Amino acid sequence: MRFNRLFGLLFTIIFIIILYVIIFLALKIMYKDVKNGGRKKKLKKSLGLEVEDPGENNSLKKGSVIPIRGPITIGRAVDNNVILSDQYVSGSHAKFYVKNDNYFLQDLKSTNGTMLNGVKVNGAIEVQVGDEIKIGTVTFRVIG
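Criteria and cut-off values
- Residues numbered from 1 in each chain as written.
- Predicted model: local features only at pLDDT ≥ 70, side-chain atom pairs only at ≥ 80, totals over all residues.
- Heavy atoms only, no water.
- Buried < 20%, exposed > 50% of the residue type's maximum accessible area, 1.4 Å probe, protein only.
- Helix = DSSP H or I, 4+ residues; strand = E, 2+ residues; numbered from the N terminus.
- Pairing = 2+ DSSP bridges.
- Patch = residues over 30% accessible without salt bridge, like charges linked within 9 Å, V, L, I, M, F, W, Y side chains within 5 Å.
- Areas by Shrake-Rupley, 256 points an atom, 1.4 Å probe, with all protein chains shown as cover.
- Salt bridge = Lys/Arg side-chain N within 4 Å of Asp/Glu carboxyl O.
- UniProt positions renumbered as here; feature names shortened; annotations may be inferred.
- Phe/Tyr/Trp six-rings, centres within 6.5 Å; stacked < 30°, edge-to-face > 60°.

**Topic: the pairing of strand 3 (residues 72–75)**
In strand 3, alternate side chains face the same way, and those of Ile72 and Ile74 on one face and Thr73 and Gly75 on the other are all buried. Relative to strand 5 (residues 94–99), strand 3 runs antiparallel, the two being bridged by three bridges. Paired with Thr73 across the bridge in strand 5 is Lys95. For strand 3 and strand 4 (residues 82–83), the ladder comprises two bridges, and the chain directions are parallel. Opposite Ile74, over in strand 4, you have Val82 as the bridge partner.

**Describing a nonpolar patch on the surface**
On the surface, Phe3, Phe7, Phe11, Phe15, Ile16, Leu19, Tyr20, Ile23, Leu27 and Met30 cluster together to form a nonpolar patch covering roughly 1100 Å² of accessible area. Relative to the assigned elements, Phe7 resides in helix 1 (residues 2–36). Judged by relative accessible area, Phe7 falls into the exposed class, the value being 53%.

**Brief notes about unusual backbone geometry**
Here Asn100, not a glycine, exhibits a phi torsion of approximately 55°, which is positive. By relative accessible area, Asn100 is classed as exposed at 66%. In this structure, Asp101 is a non-glycine residue whose phi angle is positive, near 65°. With respect to the element layout, Asp101 can be found in the loop between strand 5 and strand 6 (102–107). Asp101 gets classed as partly exposed once you look at its relative accessible area, which sits at 41%.

**Some details on the UniProt feature "domain: FHA" (unreviewed entry) in the protein**
Those places that UniProt annotates as "domain: FHA" (unreviewed entry) correspond, in this numbering, to residues 72–121. Regarding residues 72–121, the helix share stands at 0% and the strand share at 46%, and the terminal C-alpha atoms are separated by 17 Å.

**Some details on the packing of aromatic side chains**
Counted according to the given criterion, the structure contains one aromatic pair. Between the aromatic rings of Tyr97 and Phe104, the centroid separation amounts to 5.5 Å while the plane-to-plane angle is 20°, which identifies the pairing as stacked. Each of the two residues, Tyr97 as well as Phe104, counts as buried.

**Quick notes on the environment of Ile22**
Relative to the helices and strands, Ile22 is located in helix 1. C-alpha separation for the pair Ile22 and Leu6, spaced 16 residues apart in sequence, amounts to 25 Å.

Pasting the structure below:
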């Protein structure tokens, strides 16, 4: 009889400890969700375009950086994200975009082409930190 009481007391204590651990873990998870607004931290790399040589473009300054956070279009037309006043740049010249945490440069069938590390870009190609991009007389360096 004494063994049954001891076993019952031990079982109750273990059950209460497990219950408190579950409640503590649930509250910890809920606190993180509320603190972060339900968003997970993004650990993906973030790249940008640094102007190495602005060429004929008065609107760009050497050393300025254009962050790539989504699709960016470059050209002479006013509907581009980056407008270049360069006679060798097409209206819609090139596009940068992110796909599956990778960054891509796409030539938009421009007249004079887009150069990546001295090689003409046909279609879309992945870019890496340190790559040199030439659009018209402008030279960009991919930084991250």
